[in-house]
Amino acid sequence: MSDPQHVLVIGAGIVGVNVGLSLQKQGFAVTLADKGEPGRATSFGNAGGLAVSECAPISMPGTLKNVPGWLRDPNGPLTLRLSYLPKMLPWLLRFIAAGRRNRVEQITTELAAILHSAWDDYDPLIRDAKLQDAVFRDGAMAVYRSEQGRRGDDYYTDLRRRNGVRLTDLSRDEVYEREPDLAPGFVCGVLEEDWGRVLDPYKFVMGLYQLFLDRGGKFQTADIADFVYQAGRPRSAINRAGDNIGFDHVVMCCGAWSRHLAARLGSNVPLDTERGYNTTVPYNGVTLNHMVISPDDSIVLTPMEMGIRVGGAVELAGLDAAPDYSRASALFKKGQQVFPGLREDGGTQWMGFRPSMPDSKPVISASPRHDNVYFAFGHGHLGLTMGATTGRLLADLVAGRPASIDMTPYRINRF
Ligand SMILES: Cc1cc2nc3c(=O)[nH]c(=O)nc-3n(C[C@H](O)[C@H](O)[C@H](O)COP(=O)(O)OP(=O)(O)OC[C@H]3O[C@@H](n4cnc5c(N)ncnc54)[C@H](O)[C@@H]3O)c2cc1C
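The following refers to the structure shown.

Rules of the game
Residues numbered from 1 in each chain as written. Predicted model: local features only at pLDDT ≥ 70, side-chain atom pairs only at ≥ 80, totals over all residues. Heavy atoms only, no water. Axes fitted to C-alpha atoms, helices over the stretch in contact; angles between N-to-C directions. Helix = DSSP H or I, 4+ residues; strand = E, 2+ residues; numbered from the N terminus. Parallel < 35°, antiparallel > 145°, perpendicular 65-115°, else oblique. Left-handed = near helix turned anticlockwise from the far one by under 90°. Contact = heavy atoms within 4.5 Å. Nonpolar A, V, L, I, M, F, W, Y, C, P; charged D, E, K, R; others polar. Expected span 1.5 Å × (residues − 1). Buried < 20%, exposed > 50% of the residue type's maximum accessible area, 1.4 Å probe, protein only.

**Some details on the packing of helix H1 (residues 14–25) against helix H9 (residues 201–214)**
Direction vectors running N to C along H1 and H9 enclose 30°, while the axes themselves pass 9 Å from each other. Compared by their axis directions, H1 and H9 come out roughly parallel. In this structure, the crossing between H1 and H9 has a hand that is left-handed. Residue-level contacts link Ile-14, Val-17, Asn-18, Gly-20, Leu-21 and Gln-24 of H1 to Phe-204, Val-205, Leu-208, Tyr-209, Leu-211 and Phe-212 of H9. Looking at the contact of H1 with H9 residue by residue, the class counts come to nine nonpolar, three polar and no charged.

**Regarding the environment of Leu-8**
As for its position among the elements, Leu-8 is in strand S1 (residues 6–10). It is 42 Å that separates the C-alpha atoms of Leu-8 and Gly-335, two residues lying 327 residues apart in sequence. Not counting residues within four places of it along the chain, the set of residues in contact with Leu-8 comprises Thr-31, Ala-33, Ala-237, Ile-245, Phe-247, His-249, Val-250 and Val-251.

**Here we look at H9**
Relative to the 20 Å expected for 14 residues at 1.5 Å per residue, H9 spans 20 Å between its end C-alpha atoms, a close match to the ideal helical length. Within H9 the residues assigned to the buried category are Pro-201, Tyr-202, Phe-204, Val-205, Gly-207, Leu-208, Tyr-209, Leu-211 and Phe-212. Positioned one or two residues after H9, Gly-216 has a phi angle of 95°, which is positive.

See the structure below:
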């Protein structure tokens, strides 16, 4: 029997780890390489939502109209560092174009095609990695202070319902039955029936990473800078931190840092980052039974193992600017308007780099340039949720197996 083909997966976040596991299942020998420790980048501190019903793109009809107001509000859901605007402009123009109604309808169907399989793909991994106690499938509740506010989301709700998402309208009493510690003044809600959450995103990715190692996977610390070509094909990765790494196939899963390496492999891609902040406070008597979303405040609250995490919002400032943790504090204050019992004492703040494509769709793609190069990045707000399905779809591409869905919407050269 011949040796299995060797796949190098660059980037050991939630996407890379899932890609590694799926490739192992297809019989490949897999090395995961990361410049840092596995699971320590964006996959470390996210909101932990298995947000399977979030199939609508971030850019929606009406988003553009709201942007000036958001930018004027220092505590609003969007901030933009002016010095970064010239670099970000091409991305922003594509983002705006993605918000046209006909594009939104199409993108929603394409995102739903991935999200519908999220639980089916995660369930066996959760079982095999013995993570059952670290994952809850208890839904998420959006809460509104006025009927008018809820009606403002009518298109968003209807769009998702038309794409198979189970959403249940809740009365005021039902909202408070589910979350008695909510601030007074909410009048109705919507239950996102199929959402789930992980108790700690870092422990979740590390549980899957351990399964990858247990199944014979290898890890190498490597800061990949470029590639060595033989006969016109990339055959090894140049490691700034040591020896080069040879491969039969290579998969790029570098999250928000993927653009440079994709270009080195011949694919220019409009990837940027939507930075996000949160604060996690220890439990201090406030009960949070499941994830709560307050669309009026643009925040999400998650009950986690270590406390309650309050976050959301987007900052457009690129990969290099220092974090502005006043964003996390502002979000937390909004959280206190939703759950007045929350206290900031003992809290920790975090910032992460969402890897974002302007059309909110990930890249899950073979290279148009090289037959041994693949890409899986750009999962934006949904990398945790889409991780396992991305792994399965990408491994099918590498193995040359027919994909379960049409893969053209996720190809790297769609722009
Ligand atoms: C505030 C916030 C809240 C979020 N909430 C949710 C949520 O509730 N649900 C959800 O589904 N998603 C959520 N997300 C999004 C999710 O966290 C990301 O989509 C996901 O973590 C991306 O995973 P990744 O593996 O692509 O990237 P990462 O986790 O960033 O991993 C990329 C890895 O590549 C490595 N790397 C980069 N360059 C190189 C190189 N040259 N050589 C070697 N290694 C390299 C990095 O070190 C890193 O480890 C949230 C994000 C933020 C910021």
